[in-house]
Amino acid sequence: MNSYGDPSSPRGRAQIPGRHGDSGGDARGGGWSAAQEGTAPGRASVTPRGAAGGRASVGGSASVPPRGGPAAGSASVGSASAGRAGAGRASVPVSPAPGAGRAGAGRASVPVSPAAGGSAGRATVGAAAVGAASAGRASVGSAAVGGVAGRASARASVSGGPGGPGGPTGPGRGGRGAGDPARAKKRKRVNMLIAAFAVFIMLAGLGVVGFTYYSTSVVLPEDTTPPQATTLYAFDNKTPIAKVGTQNRTLVTIDQIPKHVQDAVAAAEDRNFYEHSGVDYKGIARAAWNNLTGGDKQGASTITQQYARNAYDNLKDDTYARKVKEAILASKLNDQKSKPEIMQHYLNIIYFGRGAHGIEAAAQTYFGKPAKSLSVAEGAVLAALIKQPEAGAGHKGYDPAVNPTEAKSRWDYVISGMVEKGWLNAAGKPAAPTEYPTKTLKKPNQGGAGLDYGVNTPYGNVINYVKQEMRDQGLCVDDESKVTEQKKLCSQALMSGGYRIRTTIDTKIQKAAVETAQRKTKGSELAGQPKNLMAAVVAINPDNGRVLAYYGGDNGTGTDYAGKNTDANGNVTGGHSPGSSFKIYTLAAALREGKALESRWKGRAFTPEGTEFKVSNAGNDNPRCGDSCTLKESTLQSLNVPFYHVTQEIGPDKVIKMAADAGVTTMWRTDTDPAKAYDLTKTDPKKIAPSPFFHVVGYGQYPVTVLDHANGVATFANEGVYNKAHFLYSVEERDEITGKWKKIGGEKLTPKQRIEKDVVADVTSVLEQYPAQVNHRLEEGRKAASKTGTWEQKPDSPENGDAWMIGYTPQIATAVWVGNLQNRLPLKLKDGRRVSGSNLPGDIWERFMEEAHKTSDDYREKKDFPPAANIGDPNSGNGETPPPSPPPTPPNCPDPLNPFCPPTGNNGGGNNGGGNNPGGPTGPTDPTDPRPGGGGGGDGLLPSLTPRPDDD
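Read on for an overview of the structure. Bear in mind that the values here come from a model prediction, so they are computed numbers and not experimental data. (Residues numbered from 1 in each chain as written. Predicted model: local features only at pLDDT ≥ 70, side-chain atom pairs only at ≥ 80, totals over all residues. Heavy atoms only, no water.)

**Describing the overall build of the protein chain**
Of regular secondary structure, the protein chain possesses 21 helices and 25 strands. Counting across all 952 residues of the protein chain, residues that qualify as buried make up 53%. Sequence-distant contacts, at least 24 apart, represent 70% of the contacts inside the protein chain between residues at least 6 apart. Surface exposure of the protein chain reaches about 41300 Å², of which carbon and sulfur atoms provide 50%. (Helix = DSSP H or I, 4+ residues; strand = E, 2+ residues; numbered from the N terminus. Buried < 20%, exposed > 50% of the residue type's maximum accessible area, 1.4 Å probe, protein only. Contact = heavy atoms within 4.5 Å. Areas by Shrake-Rupley, 256 points an atom, 1.4 Å probe, with all protein chains shown as cover.)

What follows is the structure in structure tokens.
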């Protein structure tokens, strides 16, 4: 990214296509040393010696007869005049004519750099011969300009005697007499200079031939699309949530780049861009002269040359051959493409710092807006960056956040150049800005869309799901042999495809999830809690399966606590034991198999035949309902024993089938190390139950992901209609010709009634009573269904290792998990209490659901659930027939001695010492609390090892 004409330039490189035959572009004798890495296009600055005051001009011409004509001619060498240093051009014949005498078969015009203050002339050196009469030899010695010497020599063969035509006294210039030694010495010196110069010109002519031959062998590569970053947007299709790629670049067409931005770039990098033919020879000469005369070192690369250098990989090396090739390609590019095309390609490929490649990425990174919206002042800031966007050896670069003083100076240079060229303050042109755009300038890494923007945020996990969904939809391929222009490798698609992806994420609902569950967010439910605690939240729209919010961790490169992961050995991990929250599937499976909510089941703890473990209700071996517990009561009190009996009777495969129908795709067995994952979408439940998945599946021993559990809950919220949870709404690709976006893929909704409506209605009729059971009702009477769950930290431990709260309204389904960040430690709150489903997960669920429903009218409306269908056989359970109800109390019973009147006073457990309250302990309001009391607490304290029957 070089420029010329800028006295502040720290660069001393002149990227110039040499017109000499040395293949390196080194202008020897041209007054420009190769140390400046410049390759002169044929210009040589020469100051002959011998003139008064040290200044001389070499001029004159050697006239050459036409091809085949008489060879009578003369070679003239001009005289030196004091006070003038002429340089001009030396016209050199490329090849001689056949026959007598010599005639120019072609001339190569080689520019010669002028001396300071001098005027350009033209020195024509040729040769003419007649017969064998050879007279005189004119040679020119060395000519020095600025201390850099060049040599040229030429021989002139002329007709006539020693003094030219007419003899010594004739009109020829040769007869100056032999009696003047001083003049003879002076003449000899001048002749030596002329001869040396002529040699240089002849060599230059050979260089032109070599350059011409070399240029014909250089083929302009086909246009290649540079790598582009992919941008992921929220569902509003406006808010970028992530941007990834090997380079942060988004291609734009020239009509999307304001003319004042284009002009600013030209003013900064190549003020003659609209005038030259790809290579600016005037700029080269000016830069060379300034370098040689002790001024600031300057380059002379045009915008076209810079584009060629950045676009083609074989121009990245720093050699003379590269510089020659760069100039050739620039010239050819100029012939084949228009100036707007070249400017478009240049602005799409050039680097602007802060990881931004191309003008669109730069506009977003530095100003948070598209390139088409850049002001004149903002465009000049970006143009000023190109010269040196980042700090390097000896210079801090022109990033205004790093080097504000020089950034402003460079900005002034750009603006003044635009005014000078008539691109500002002219008729029909914008006015020149006077104020640096500090107010709109963004700080580094502050809310921009950088190369890895979003990867190290909670949105990072969304990127991983989008990549997988693109693979599932066939938008990319894993087989290299199947890669096409339309389908890239899945491993590289997002990084280089330049897609515009609209996700299903609702930023307001996502914000509610993060602010509620993220530890580092001030005021979140996890803020200040023990450091081993971690939470995950997933919310889904039941109507279509769109994931509205996803919090599985703080970045997309670490563990995703809400979804699947793959460890170093290739094992799929990520599930958490759902505990009693899984009973919603067991309850639904029982109803599908003809059981009723009022069917009765045994509830007392017992040891199943053929096993070595006892099934209990989280330490409550004898619940209030004893061995006559209805499914409804067992669900609300979260009892484990009845659900074990249900699973044993209908078969664990029926429970797994129900979970899979609802949306659970993966389940892990826990009797292996590491736990082994099973794909429920491809596996017949009958082949994996009761082994390895035993009857304990009925109350949630086997791990599932938070995303899958949320998807299952969403199916219940949608009255049994399943929609696959997904993150991808649409994928667009930019048309390289028109610059317009075209859709190439997107969500494909295939809703399916997987669970019977009546089954779901009965399940929901029970679960909508649960928020009150655990004191997590939603505001203003909003109907919601929910269920808690916990699982033990390790076998036979009284501590919990997983805690859940799942639930739904007709509009939003949400699953919340709380567990360990790393090592599986006991889950404790900061006040020392055990974490159970009803406290920390319940607090997160309730707060999140309240905020999520306030985000828009789509969710703000209060909706009700369908009424219970009351399906199934009430007499289908294995429980005991309930005892007959006590007789009703007579309405008036004042006689305390009457055996039919209940006692008065202390009733043995009622509130306030008696009164009319029923007797007996009331127990805690949280059915997941393992303390004895209100009958239950079935969310934890269960064996982790899968029990085995005797014959297994």
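Moving on from the model shown.
**Some thoughts on the packing of aromatic side chains**
For any pair of aromatic rings, the description consists of the separation of the ring centres together with the inter-plane angle of the planes. Under the definition given, this model contains 16 aromatic pairs. With a centroid separation of 4.5 Å and 15° between ring planes, the pair formed by Tyr 465 and Phe 727 is classed as stacked. One end of the pair, Tyr 465, is in helix α10 (residues 460-472); the other, Phe 727, is in the loop between β19 (721-722) and β20 (728-734), with 262 residues separating them in the sequence. Residue Tyr 465 shares its accessibility class with Phe 727, and that shared class is buried. Linked through ring pairs, Phe 606, Phe 613, Tyr 644 and Tyr 699 together constitute an aromatic cluster. Sitting over the face of the ring of Tyr 233, Arg 500 holds its NZ or CZ atom 4.0 Å from the ring centroid. (Phe/Tyr/Trp six-rings, centres within 6.5 Å; stacked < 30°, edge-to-face > 60°. Lys NZ or Arg CZ within 6 Å of the ring centre and 35° of its normal.)

**Digging into the sheet that holds β20**
If you walk across this open sheet you meet the 5 strands as β7-β6-β10-β20-β21, and the pairing is mixed. Each edge of the open sheet carries a strand with a single partner, namely β7 (240-244) and β21 (741-746). Along the sheet, successive strands turn relative to each other by an average axial angle of 20°, direction set aside. As defined by bridge partners, strand β10 (residues 500-503) adjoins β20 across 4 bridges and the pair is classed as antiparallel. Its bridge partner being in β20, Arg 502 is matched across the sheet by Ser 730. (Pairing = 2+ DSSP bridges. Axes fitted to C-alpha atoms, helices over the stretch in contact; angles between N-to-C directions.)

**Observations regarding helix α4 (residues 303-311)**
Of all 9 residues in α4, 8 are buried, a share of seventy percent or more. Among all positions in α4, only Ile 303, Thr 304, Gln 305, Gln 306, Tyr 307, Ala 308, Arg 309 and Ala 311 are buried.

**A few points about the sheet that holds strand β12 (residues 547-551)**
With respect to topology, 5 strands assemble into an open sheet ordered β12-β11-β25-β24-β23, the strand pairing being antiparallel. Either end of the sheet is taken by a strand with one partner, and the two such strands are β12 and β23 (785-792). Averaged over all neighbouring strand pairs, the angle between strand axes comes to 10°, with direction disregarded. Summarising the sheet, strand β24 (residues 800-808) and strand β25 (residues 813-820) pair through 6 bridges and their orientation is antiparallel. When the sheet's bridge partners are listed, Trp 804 is paired in β25 with Trp 817. Sitting on the sheet, helix α18 (residues 757-767) is in contact with β23 and β24, with an inclination near 75° to β23.

**Observations concerning the state of the cysteines**
Scanning all chains against the criterion turns up 2 disulfides. Covalent S-S linkage joins Cys 476 and Cys 490, the inter-sulfur distance amounting to 2.1 Å. Handedness here is read from the sign of the S-S torsion; for Cys 476 and Cys 490, about 100°, the answer is right-handed. With Cys 476 in strand β8 (residues 476-477) and Cys 490 in helix α11 (residues 490-496), this pair connects stretches of sequence that are 14 residues apart. Side by side, Cys 476 and Cys 490 carry an identical accessibility label, which is buried. There is a disulfide in this structure between Cys 625 and Cys 629, and the S-S distance comes to 1.8 Å. Judged by the sign of its S-S torsion, about 85°, the bond between Cys 625 and Cys 629 is right-handed. The same class applies to Cys 625 as to Cys 629, namely buried. (Disulfide = S-S within 2.5 Å.)

**A closer look at the side chain of Glu 733**
Relative to the helices and strands, Glu 733 is located in strand β20. A polar atom in the side chain of Glu 733 sits 3.5 Å from the side chain of Lys 488. Beyond its immediate stretch of four places on either side in the chain, Glu 733 contacts Lys 488, Tyr 499, Lys 740, Trp 741, Lys 742 and Ile 744. (Polar contact = N/O pair within 3.5 Å; in protein donor to acceptor, adjacent residues only side chain to side chain.)

**So, the nonpolar core**
Counting 124 residues, the largest nonpolar core has Met 470, Phe 716 and Phe 848 as the members making the most contacts within it. With 8 residues, the top contributor of residues to this core is strand β11 (residues 533-540). When residues no more than four places from it in sequence are discounted, the contact partners of Met 470 are Leu 475, Cys 476, Leu 494, Tyr 499, Ile 501, Leu 728 and Val 731. Within the second largest apolar cluster, 53 residues are counted, among which are Met 343, Ala 356, Val 381 and Tyr 398. (Core = buried A, V, L, I, M, F, W, Y, C linked by side-chain atoms within 4.5 Å.)

**Some remarks on the pairing of β21**
Relative to β21, β20 runs antiparallel, the two sharing 5 bridges. The residue of β21 that forms the bridge with Glu 732 is Lys 743. Between the antiparallel neighbours β20 and β21 lie 6 residues, among them Gly 739 with a positive phi of about 80°.

**A word on the environment of Val 265**
Take Val 265: it is sitting in helix α2 (residues 259-269). Separated by 82 residues in the primary sequence, Val 265 and Leu 347 place their C-alpha atoms 8.6 Å from one another. Setting aside its immediate chain neighbours within four residues, Val 265 contacts Asp 270, Ile 303, Met 343, Tyr 346, Leu 347, Ala 383 and Ile 386.

**Some words on the packing of helix α13 (residues 583-592) against α18**
Relative to each other, α13 and α18 sit at 135°, their axes nearing to 9 Å. As summarised for this structure, α13 and α18 are arranged oblique, according to the angle between their axes. As α13 runs across α18, the sense of the crossing is right-handed. In this structure, α13 uses Ile 584, Leu 587, Ala 588, Leu 591 and Arg 592 to contact α18, whose residues at the interface are Val 759, Asp 762, Val 763 and Leu 767. Looking at the contact of α13 with α18 residue by residue, the class counts come to 7 nonpolar, no polar and 2 charged. (Parallel < 35°, antiparallel > 145°, perpendicular 65-115°, else oblique. Left-handed = near helix turned anticlockwise from the far one by under 90°. Nonpolar A, V, L, I, M, F, W, Y, C, P; charged D, E, K, R; others polar.)

**Describing the packing of α2 against helix α9 (residues 404-420)**
Packed helices, taken two at a time, are described by the angle their axes make and the gap between the axes. Where α2 contacts α9, the two axes come as close as 8 Å, and the packing angle between them is 110°. With respect to α9, the axis of α2 lies roughly perpendicular. Along the contact surface, α2 presents His 260, Asp 263, Ala 264, Ala 267, Ala 268 and Glu 269, while α9 presents Arg 410, Tyr 413, Val 414, Gly 417 and Met 418. Taken together, the residues of the contact of α2 with α9 break down into 6 nonpolar, 2 polar and 3 charged.

**Considering the pattern of salt bridges**
Should the charged atoms of two oppositely charged side chains come close, the side chains can pair. The full count for this structure, using the stated rule, is 29 salt bridges. Salt-bridge contacts for Asp 661 lead to Arg 592; the nearest nitrogen and oxygen are separated by 3.2 Å. In this pair, Asp 661 is assigned in helix α16 (residues 652-662) and Arg 592 in helix α13, connecting sequence segments 69 residues apart. Using a relative accessible area of 11% as the deciding quantity, one classes Asp 661 as buried. Residues Lys 654 and Asp 653 are paired through a salt bridge, measuring 3.6 Å at the closest nitrogen-oxygen approach. Counted as one network, the salt bridges with shared partners bring together Arg 592, Lys 657, Asp 661 and Glu 756. (Salt bridge = Lys/Arg side-chain N within 4 Å of Asp/Glu carboxyl O.)

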